[in-house]
Amino acid sequence: MITYGKEEPSVSRFVSRFTLVGILVALAASTAFSTAALAEGSPVGTSWRPDLGPNVYVFNPSMPQSAIQATVNAVANQQISNQFGTQRYAFLFEPGAYGSATHPLNFQIGYYTSVAGLGLSPNDVVINGSVDVYNQCFGPGNCTALDNFWRSLSNLTINVATPGGCYFGEFWAVSQAAPLRRVHVNGFTTLMDYCTGPSFASGGFIADSEFDASTVVNGSQQQWVTRNSKLDGWTNAVWNQVFSGVVGAPPQSFPSPPYTTLSTSPVTREAPYLYVDGAGNYNVRIPGVQHDSVGTTWGSGPTPGSTIPLDRFFLARPTDSVQMINTQLAIGKDLLFTPGIYHLDRSIRVVHRDTVVIGLGFPTLVPDQGNTSMVVEDGTGVNLSGIMFDAGPDNSPELLQMGAGPGQHSLAGDPGSLHDVFFRIGGATPGRAGTSLVVNSDNVILDNVWAWRADHGNGVGWTNNTADTGVVVNGDNVTAYGLFVEHYQKYEVIWNGNGGTDIFFQNEMPYDPPSQAAWMEAPGVDGWAAFKVASGVTRFTGYGMGSYSFFNQGVNIYAAHAFEVPSGLPASSLRDLLTIFLDATRGSGGILHVVNDAGGSSTVANPDVPVTVVAYP
């Protein structure tokens, strides 16, 4: 993301897990502990827990709050600036209450950290306090949330209580890949950190959540998508704020203010989640499919769906071979990735329908041999969530293939789904891949996907972290909510399937084409569209879709169109489109048309001002 004047941050100085984190965790060993230790023998007064690895910490209400605070603070101190580090963590809270109004539990979470309650309902775990993400500061007057990626909060209630000062609410100042899911917040909530400036932010995603007793402050968030939730109010919009199936959402008003509001969500399936039942057994809840839905799944009772005991999952470690993982999948096991980096010498192959694959603490899959990281043979009912896919040093044709080949006819009544699945080309390590995600199966639900060709970090450059396309959709009737695709070198999204729907799209074109000649769709056609709907498609709908340009190589680079679609689509198939030229002090060139030849230009003549098309064709 654009960093508005700051130098791109280098990889942070790491605090060794065996120094600061290790010391503090050791001090709290009898009360705040990893599940690896518990597998060998639980401390007195705790139930048995599965071995989820050394970086998963499970808390219960009987633990001293000081011990919990010490543990979460130690990890946060390491991870807040650890943008491209290898450490991964998960904090899990058993049912009960933590903190109090007079002694709140307040903590920050940094990169590659997931925080989740272990209740069947979000109301089963209550934190009296806050779980926060603040701006990162890169010098005086240069504090933003633009790089606050790869963290999550889910399945719990927050009764907002803080010690005072500027940070007196629930602060969630994030950008991409930082979802809020199944969260119930009672009290003031802000998606902007206004305590330090200039506070730019480029988020974000909320689903299946409820906010009571206060209006949510959107503030400086350039764009945001909220799905199937309940609001007590929403303050403002900047460029592209989208609501789908949200109780209390602002009314449709794009482009002034730029709210895109759908009364219901056409087809949804919430992400699976881990919970502990009354007997202390660990299970995974698989929410059912909903049609034309509005509001949360849990507000009036348990989330509809099915339950799988955790002992039916293979609990993978980074040291496990792909052969071992594939053997477990072949015999019918579901799969849980514990935190860590997984180096793959071949593809992980999901061979059975209705397989559930979930990740804790942002497990990251890296192909070492130019292989595809994961192939889902048949997408019917397959559910993937909470996983990162990094490109490896040798070019991979794709990182994730959902469906073994085009025309893979999966069942409409049992759709496959991807939740909080994130892709990265470069940044952490040098990487290359032709395409990040290929969806061949029909009826798949994409629910918060960020595909990012890195614009900063390690191994970054036009000929270094090469990647043509972020997402290719070949399946019919695919539905996407929260599709973020950035900086790829040709079409960023190619949609070949019929009957598709995209609700919210955020894109930045590549910053770094070295010349116009190096970035041409065809002779006489400048650049590449961000979103290409193939010529053979007769039905496609899109809502709240934005593409931005920031060409920073000091030469004028233009894209002829942000969106290219067949002229024969039904009237108003696309609603609420926009382009923006970012940062006139450093950018050049721009986007000449919004969709096909409709819509004006966004160039240095109108920087940071949306150019809009309300309906097309």
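Each remark here, short or long, concerns the structure printed above.
It should be emphasised that the depicted structure is a prediction, and the values quoted were computed from it without experimental measurement.

Asks: Quick question: what am I supposed to make of helix α4 (residues 322-330) here?
Replies: Among all positions in α4, only Val322, Ile325, Asn326, Gln328 and Leu329 are buried. Down the axis, α4 shows its buried residues gathered within 160° of arc, on one side only. On its buried face, α4 is in contact with β25 (313-316), β26 (334-337), β27 (341-344) and β28 (348-350). After α4 finishes, the residue Gly332 shows a positive phi value of roughly 105°.

Asks: What should I look at first to understand the pattern of salt bridges in this one?
Replies: Pairing is possible between side chains that carry opposite charge, provided their charged atoms lie close to one another. Taken as a whole, this structure holds 16 salt bridges when the rule is applied. Between Glu210 and Lys230 there is a salt bridge; the shortest N-O distance is 3.9 Å. Within this pair, whereas Glu210 is found in strand β15 (residues 210-212), its partner Lys230 is found in the loop between β17 (223-227) and β18 (240-244), the two being separated by 20 residues in sequence. According to the relative accessible area criterion, Glu210 is buried, its value standing at 10%. A residue is classified by how much of its surface remains accessible, and Lys230, at 34% relative accessible area, is partly exposed. Across the salt bridge formed by Lys532 and Glu564, the nearest N and O atoms sit 3.2 Å from each other. Note that Lys532 is positioned in strand β43 (residues 531-533) and Glu564 in strand β46 (residues 563-564), a separation of 32 residues in sequence. Judged by its relative accessible area of 7%, Glu564 falls in the buried class.

Asks: Is there a simple way to explain the state of the cysteines in this structure?
Replies: Note on terminology: a disulfide is the covalent bond linking the sulfur atoms of two cysteines. Under the defined criterion, the tally for this structure stands at two disulfides. Between Cys137 and Cys143 runs a disulfide, and the two sulfur atoms are separated by 2.0 Å. On the S-S bond that ties Cys137 to Cys143, the torsion sits near 110°, and the link is right-handed. Here Cys166 is linked by a disulfide to Cys195, with a sulfur-sulfur distance of 1.9 Å. Because the sign of the S-S torsion sets the handedness, a value of about -95° for the bond joining Cys166 and Cys195 places this disulfide among the left-handed ones. Here the residue Cys166 occupies a position in the loop between β10 (151-160) and β11 (170-171), and Cys195 occupies one in the loop between β13 (189-190) and β14 (205-207), the gap between them amounting to 29 residues.

Asks: Just checking my understanding: could you explain the packing of aromatic side chains for this structure?
Replies: Any pair of aromatic rings gets described here by the distance separating the centres and the angle formed by the planes. Under the definition given, this model contains 39 aromatic pairs. Ring centres 5.8 Å apart and planes at 55° place the aromatic pair Phe149 and Trp452 in the tilted group. Of this pair, Phe149 sits in the loop between β9 (143-144) and β10 while Trp452 sits in strand β36 (residues 445-453), placing them 303 residues apart in sequence. For Phe149, a relative accessible area of 0% puts it in the buried group. Given the relative accessible area of 0%, Trp452 is considered buried.

Asks: So what exactly am I meant to see when it comes to the sheet that holds strand β39 (residues 493-495) here?
Replies: Pairing between sheet strands relies on hydrogen bonds along the backbone, with the strands arranged either parallel or antiparallel. Spatially, the eight strands line up as an open sheet ordered β28-β31-β33-β35-β37-β39-β43-β46, and their pairing is parallel. In this open sheet, the two edge strands, each paired with only one partner strand, are β28 and β46. Judged from the five bridges that link them, strand β33 (residues 396-402) and strand β35 (residues 433-439) form a sheet pairing that is parallel. Looking at the pairing, Gln401 lines up with Val438 of β35.

Asks: Just to check I follow, could you spell out empty space enclosed by the protein for this structure?
Replies: Rolling a probe over the atoms, with the probe sized like a water molecule, indicates the empty space that remains. Under the defined criterion, the tally for this structure stands at two cavities of 30 Å³ or more. Within this model, the largest cavity holds a volume of roughly 480 Å³. Of all the secondary-structure elements, those providing two or more residues to the lining of the largest cavity are β3 (89-93), β6 (113-117), β10, β12 (180-186), β21 (273-276), β29 (356-359), β32 (383-390) and β34 (417-425). A per-class count over the lining of the largest cavity returns 17 nonpolar, 10 polar and five charged.

Reading the values: rules and limits
- Residues numbered from 1 in each chain as written.
- Predicted model: local features only at pLDDT ≥ 70, side-chain atom pairs only at ≥ 80, totals over all residues.
- Heavy atoms only, no water.
- Buried < 20%, exposed > 50% of the residue type's maximum accessible area, 1.4 Å probe, protein only.
- Helix = DSSP H or I, 4+ residues; strand = E, 2+ residues; numbered from the N terminus.
- Arc of directions from axis to C-beta.
- Contact = heavy atoms within 4.5 Å.
- Salt bridge = Lys/Arg side-chain N within 4 Å of Asp/Glu carboxyl O.
- Disulfide = S-S within 2.5 Å.
- Phe/Tyr/Trp six-rings, centres within 6.5 Å; stacked < 30°, edge-to-face > 60°.
- Pairing = 2+ DSSP bridges.
- 1 Å grid on protein atoms, 1.4 Å probe; cavity = no way out; pocket = protein on both sides within 12 Å on 5 of 7 lines; lining within 4 Å.
- Points joined across faces, edges and corners; volume = space filled by probe spheres on them.
- Nonpolar A, V, L, I, M, F, W, Y, C, P; charged D, E, K, R; others polar.

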